[in-house]
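# Reading the structure
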Amino acid sequence: MQAIAAKILSETMRVARIVLKCRTVRSINLAVRQAEITMKKKADKDLNENSDGWEPPWMDSSNDRKTPYTEEELEQFAEGFISSM
């Protein structure tokens, strides 16, 4: 009976090691894929930045404020800035 229990335990441990290896390989593959995606995004960004006509995101007019400041607000900001100097 002990021999059978030892054989079952041995087989269980062997299967557990195989499962652990598979999980490790899967997690390594996932990490490699994520690194490849990150590198591709960076390469695409570098390509975009080096292409003609590229502008940084802060120059994009679609990001501009939709409701511009009124003259009174601009005057208030300028006065506040000047008085803080």
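A few points on the structure. As the structure is a prediction and not an experimental result, all values here were calculated from the model.

## As for the overall build of the chain
A count of helices and strands for the chain gives two helices and zero strands. The burial tally for the chain puts 0% of its 85 residues in the buried class.

## Some remarks on a negative patch on the surface
Where like charges cluster on the molecular surface, the negative patch consists of E71, E72, E75 and E79. As for its position among the elements, E79 is in helix 2 (residues 71-84).

## Observations regarding a nonpolar patch on the surface
A contiguous nonpolar patch, built from M1, I4 and I8 and spanning about 390 Å² of accessible area, is present on the exposed surface. With respect to the helices and strands, the residue M1 is situated in the segment before helix 1 (2-50). With a relative accessible area of 83%, M1 lands in the exposed category.

About the thresholds
- Residues numbered from 1 in each chain as written.
- Predicted model: local features only at pLDDT ≥ 70, side-chain atom pairs only at ≥ 80, totals over all residues.
- Heavy atoms only, no water.
- Helix = DSSP H or I, 4+ residues; strand = E, 2+ residues; numbered from the N terminus.
- Buried < 20%, exposed > 50% of the residue type's maximum accessible area, 1.4 Å probe, protein only.
- Patch = residues over 30% accessible without salt bridge, like charges linked within 9 Å, V, L, I, M, F, W, Y side chains within 5 Å.
- Areas by Shrake-Rupley, 256 points an atom, 1.4 Å probe, with all protein chains shown as cover.
- Salt bridge = Lys/Arg side-chain N within 4 Å of Asp/Glu carboxyl O.
- Lys, Arg positive; Asp, Glu negative; His and termini not counted.
- Charge placed at Lys NZ, Arg CZ, Asp CG, Glu CD.

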